[in-house]
Amino acid sequence: MEIVEVKQRYDNLGLCEDTKWDTPQNCTVTLEVNEQMKAPVYFYYELHNFYQNHRKYVKSRSDKQLMGNDLSKDELSECEPVVDMEDLGRIQEHLQGAKNLKPSAPANPCGLIAKTFFNDTYSISNSSNVQIKIHEDEIAWPSDREEKFERVSNNWQEKQWVDVEDEHFMVW
């Protein structure tokens, strides 16, 4: 297998530099790949100064809640310091699909892992500006998809600020 690596920092470029974690912002970055690449092509991103292995970070979640149980704030002590919607510090209109969640409502999902969910998205096109499909299914383990992450109900947007069945969320 031949490896072609292209890197581009983008948090310091134009509109990308002005992003805020609680405000959706679109910015475009162009990467030029001058080599032929054979399928499959894997796309990765890298974060700096972000420590997902810190003990407090790793423990700040509720497995019961992620499995679809509708828990009260009193049942979310393991999620400290992010237990309710106010702790998320997100503006209602910028939440993924949530409908009218009150600041005092339990954060669902709760915890630091959920709060820091990385939601940058990417698209790839060729030199003729034809979009290349990125396969984003089956990126999580089957056991995670089938057993560990479940929406609280069919109307999950009334209780959850992000879709816990989104595989990007699962692997985060």
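Just so we're clear, the structure is a prediction, and the values are computed from it rather than from any experiment.

(A) Layout of the packing of aromatic side chains. Applying the stated criterion across every chain, the model contains five aromatic pairs. Ring geometry for Phe43 versus Tyr122: centroids 4.7 Å apart, planes at 50°, classification tilted. Of this pair, Phe43 sits in the loop between helix H1 (14-17) and helix H2 (55-59) while Tyr122 sits in the loop between helix H5 (112-115) and strand S1 (124-125); the two residues are 79 residues apart in sequence, bridging distant segments of the chain. Among the residues examined, Phe43 registers a relative accessible area of 39% and is labelled partly exposed. When its relative accessible area of 27% is taken as the criterion, Tyr122 is described as partly exposed. Feature note: the residues Tyr10, Phe43 and Tyr122 constitute an aromatic cluster, connected by ring pairs.

(B) Representation of unusual backbone geometry. In this structure, Pro40 follows Ala39 across a cis peptide bond, with omega equal to -5°. With respect to the helices and strands, the residue Pro40 is situated in the loop between H1 and H2. For the bond running from Glu80 to Pro81, omega is 10°, close enough to zero to count as cis. Relative to the assigned elements, Pro81 resides in the loop between helix H3 (63-66) and helix H4 (85-88). Unlike most non-glycine residues, Glu138 shows phi in positive territory, near 60°. The topology assignment puts Glu138 in the loop between strand S2 (131-132) and helix H6 (142-148).

Rules behind the numbers
Residues numbered from 1 in each chain as written. Predicted model: local features only at pLDDT ≥ 70, side-chain atom pairs only at ≥ 80, totals over all residues. Heavy atoms only, no water. Phe/Tyr/Trp six-rings, centres within 6.5 Å; stacked < 30°, edge-to-face > 60°. Helix = DSSP H or I, 4+ residues; strand = E, 2+ residues; numbered from the N terminus. Buried < 20%, exposed > 50% of the residue type's maximum accessible area, 1.4 Å probe, protein only.

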